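# Working through the structure, step by step
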Amino acid sequence: MSVQAWTYFFVAVSFGLYLFIAWRTRVRDTRGFYVAGRGVPAAANGMATAADWMSAASFISMAGLISTMGYAGGVYLMGWTGGYVLLALLLAPYLRKFGHYTVPDFVGDRFASDLARVVAVSCAIFISFTYVAGQMRGVGVVFSRFLEVDIHIGVIIGMAIVFIYATLGGMKGITWTQVAQYWVLITAFLIPAIAISIKLTGSPLPQAGLGTTLEPSIAGQSGVYLLEKLNQIQADLGFSSYTATFVGGWDKVNVFCVALALMVGTAGLPHVLVRFYTVKSVRAARWSAFWALLFISLLYLTAPATAAFARYYMIDSLNGKTAQELPSWFENWEMTGLILWMDDGDGVMRYSAGDDNEIFRGGSLSQAELSDVRVGHQAWLDSDGADGADGRTALRARGLSGPDRDIIVLATPEMAELASWIIALVAAGGLAAALSTASGLLLVISSSVSHDLYYRVLRPNATESQRLSVGRSVIGVAVVVAGVFGIYPPGFVSQVVAFAFGLAAASFFPAIVLGIFSKRVGTIPAVCGILAGIGFTGFYIIACVFFDMETWTFGLFANGINPQGIGSIGMLINFTVTLALTPLFPRPGKDIEHMVDSVREPEDAGPAVMIETAPEH
Amino acid sequence: MSASSDAAGRRAASSDAAGGRAAAALRRYWRANIRIMAVLLGLWALAGLGAGILFADSLNAYRISGTGFPLGFWFAHQGSIMVFVLLILAYCLYMNRLDNRHRRELETTMQEG
């Protein structure tokens, strides 16, 4: 069977599985719809959390980012895992003990105000939409690359599937679908990594293979460490060393800020937080944070290996090769525009950091623009520069030097010359990663609107079935909005996702931590803190990304802060504003104090409850 | 009559005392929780933000013996993630024990009260 036939097969089978699970787990009450009836075992919740949270960006783009960034790619590895320590220690057990349906529930009840609730709802919806747009785009990208379907149709197919299983099963359907999706995506990620690791280093563990020596048949001699060889190749081509720290714009301050913003953002993402409401007990909430990170680390410890292997393979199999010598994967992917060759006339491909680089990517250029560049370049070559236009200058001017980062994961199986069914499996894995995250986010949007706004603020006496139908219709609307964002994306997939983290870091994390660990913080300081944090972060990101504002150095740092890292500053502003205003405003009431106490004490051990209700006393 | 009202009075007094002891047990529980949290978060910062970032350039001078990993690079790409997993595991195990101890303390309080 061809790659495409296998891809159709895997996509059809995995989609069928998701729909089957959705049908088996369909729900009839809001408890099932919002928190899966609180019956999810810790390990299953860990898997669901892992799938929920490993997005299209983690699966498709991250290894590619690391591959081009080298050491600095660690910000994504550390940032997207370190947050789970914060989650497990500072948030998850307490939110589970509190035991409502959503994150705005906690913020609204702890700070006893509908204003706080509405602010939290707006943050949750805003963060979720920013993030879900990237996922829908990811679905479209996978469809268009593997099945040669138009990217818009890909997005629409993805929307339809998510819509069906999210509305039928709510959180329960989503959870069990995500458990299945976890296995699809991790298998699809690990098999190519293992195969390429055996091929390059002889080690069946890619995580260890990264640190070992290359096979003598590949390196030409024995005892050459992969990373050393990679550093040397990078240096030869004018790139900065793969393992060297703090090169270019990634200085210490920026690496620190971005990593911290991603860590704190992970801990503040509403679709991750809400997962801890679905387990049976506080103890299970802690354990599911452990399982979640363990399952996530399977992919995250492999990604740096895939990144380095693919980097080595790509340079080794392309640089200095003539058209006849090029591997077949190059031709397959050249058609997609993810990788382009603009020869200088000598017929030998050159990949370098300098002006003589001949490898480019299509980026956001349309098919028509791209073929203009190609035709112009061919004319330029044929006429020895008298006619046409040098495609290299044109593409370099647009910042399109080097291959698209997504190609690293998508083309790795072909680089390693794996069987066509494995290549197809990667497509199913990418779809699983994108769909699982999208569905978790859509549920947050749905519960924010139908539970927090409709039920808690607007219509407190709505019936169970009214709430359920509002929840389902909101998912419908949200899917459509997300799809529109996916078709007209507001930026690169991973860039957009990184902004969601900044906003989560600056809004939810400080509010929830202070809500649990301080009894003194009241409504107004907390709301002001959230508004200041999200206002500052949102302003900075929008100004830098859309209005070309210079990044700020705050008079302290050599380089301005990358917009991806501004969430760290936003979080500090939130904490500072809240704590500075706290002494000026009255203490929260007795009932809030009791609530905080009850959130802190372990379950099945509340002394007040035991004395009053125990029959013998 | 008087015996039973005596008993009621004694019960009220003892449950007050028991309530006080229970509250003290809860305070101890919370302090122990904060302590373990502070230790683990310290390690979290040391591994992730410290070894992976702040000291990564100096750690890169050393190589993990027998591998090609410069130490700082390894912490940023793999080591910190392993530490994170172990930190959560340690927290879960410790809190399980703390929960059990707290429950036992409360049960003793109840029996004495």
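Treat the numbers as computed from the prediction; the structure is a model and nothing was measured.

### Considering the packing of helix 6 (residues 103-110) of chain A against helix 19 (residues 420-458) of chain A
Residue and element names in this part refer to chain A. Between helix 6 and helix 19, the shortest axis-to-axis distance is 9 Å and the interhelical angle comes to 45°. With respect to each other, helix 6 and helix 19 are oriented oblique. Across from Pro104, Asp105 and Asp109 in helix 6, the residues of helix 19 making contact are His451, Asp452 and Arg456. A breakdown of the residues in the contact of helix 6 with helix 19 according to their chemical character gives one nonpolar, one polar and four charged.

### Describing the domain arrangement of chain A
For an interface, size is often stated in terms of accessible area lost upon the parts coming together. Residue and element names in this part refer to chain A. Looking at the assigned domains, one finds that chain A contains domain 1 (3-314 + 412-489) and domain 2 (321-405). Taken together, the contacts link 12 residues of domain 1 with 10 residues of domain 2. The largest share of the area that domain 1 buries against domain 2 comes from Arg145, Met314 and Glu414, three residues that together contribute 44% of it. Counting across the domain 1 and domain 2 interface gives zero salt bridges. Along the lines of polarity and charge, the residues of the side of domain 1 that touches domain 2 split into six nonpolar, three polar and three charged.

### Concerning the side chain of Asn33(B)
Mapped onto the elements, Asn33(B) comes out in helix 1 (residues 2-54). The class of Asn33(B) is buried, set by a relative accessible area of 1%. Here Tyr91(B) takes part through its side chain, which lies 3.3 Å from a polar atom of the side chain of Asn33(B). For Asn33(B), the contacting residues outside a window of four places in its chain are Tyr94(A), Tyr91(B), Met95(B) and Leu98(B).

### Digging into the state of the cysteines
Residues and elements named next belong to chain A. In total, this model carries zero disulfides over all chains according to the counting rule given. Of the cysteine sulfurs around cysteine 123, a residue in no disulfide, the closest is that of cysteine 528, at 13 Å. Given a relative accessible area of 4%, cysteine 123 falls into the buried group. There is no disulfide at cysteine 257, and the cysteine sulfur nearest it, in cysteine 544, is 13 Å away. The exposure class assigned to cysteine 257 is buried, which follows from its relative accessible area of 8%.

### Remarks on a positive patch on the surface
All names here are of chain B. Where like charges cluster on the molecular surface, the positive patch consists of Arg27, Arg31, Arg35, Arg97, Arg101 and Arg104. Where the positive patch is concerned, the elements lending two or more residues are helix 1 and helix 3 (71-112). Checked against the element boundaries, arginine 35 lands in helix 1.

### Overview of the interface of chain B and chain A
Contacts between the two partners involve 54 residues from chain B and, on the opposite side, 54 residues from chain A. The junction of chain B with chain A conceals about 4900 Å² of combined surface from both sides, 75% of it contributed by carbon and sulfur atoms. Seen at the junction of chain B and chain A, the total is three salt bridges. Among the salt bridges present, the one from Glu228(A) reaches Arg63(B), with a minimum N-O distance of 2.4 Å. The tally of links from chain B across to chain A stands at 15 residue pairs in polar contact (both at pLDDT 80 or more). When residues of the side of chain B that touches chain A are traced back to their parent elements, those giving at least two are helix 1, helix 2 (56-59) and helix 3 of chain B. For the side of chain B that touches chain A, the leading source of residues is helix 3 of chain B, giving 25 residues.

### Digging into the confidence of the model for chain B
Residue and element names in this part refer to chain B. Scored by pLDDT, chain B has a mean of 83; 86% of the residues are at 70 or more. Highest mean pLDDT in chain B belongs to helix 3 (90); lowest belongs to helix 1 (78). In this model residues 1-9 is a low-confidence stretch, pLDDT under 50, and it forms zero contacts with partners more than four residues away in sequence or in other chains.

Cut-off values and rules
- Residues numbered from 1 in each chain as written.
- Chains lettered and ligands numbered in written order.
- Predicted model: local features only at pLDDT ≥ 70, side-chain atom pairs only at ≥ 80, totals over all residues.
- Heavy atoms only, no water.
- Axes fitted to C-alpha atoms, helices over the stretch in contact; angles between N-to-C directions.
- Helix = DSSP H or I, 4+ residues; strand = E, 2+ residues; numbered from the N terminus.
- Parallel < 35°, antiparallel > 145°, perpendicular 65-115°, else oblique.
- Contact = heavy atoms within 4.5 Å.
- Nonpolar A, V, L, I, M, F, W, Y, C, P; charged D, E, K, R; others polar.
- Domains from an automatic or database assignment.
- Buried area = accessible area lost by both parts, 1.4 Å probe.
- Salt bridge = Lys/Arg side-chain N within 4 Å of Asp/Glu carboxyl O.
- Buried < 20%, exposed > 50% of the residue type's maximum accessible area, 1.4 Å probe, protein only.
- Polar contact = N/O pair within 3.5 Å; in protein donor to acceptor, adjacent residues only side chain to side chain.
- Disulfide = S-S within 2.5 Å.
- Patch = residues over 30% accessible without salt bridge, like charges linked within 9 Å, V, L, I, M, F, W, Y side chains within 5 Å.
- Areas by Shrake-Rupley, 256 points an atom, 1.4 Å probe, with all protein chains shown as cover.
- Lys, Arg positive; Asp, Glu negative; His and termini not counted.
- Charge placed at Lys NZ, Arg CZ, Asp CG, Glu CD.
- pLDDT = per-residue confidence, 0-100.

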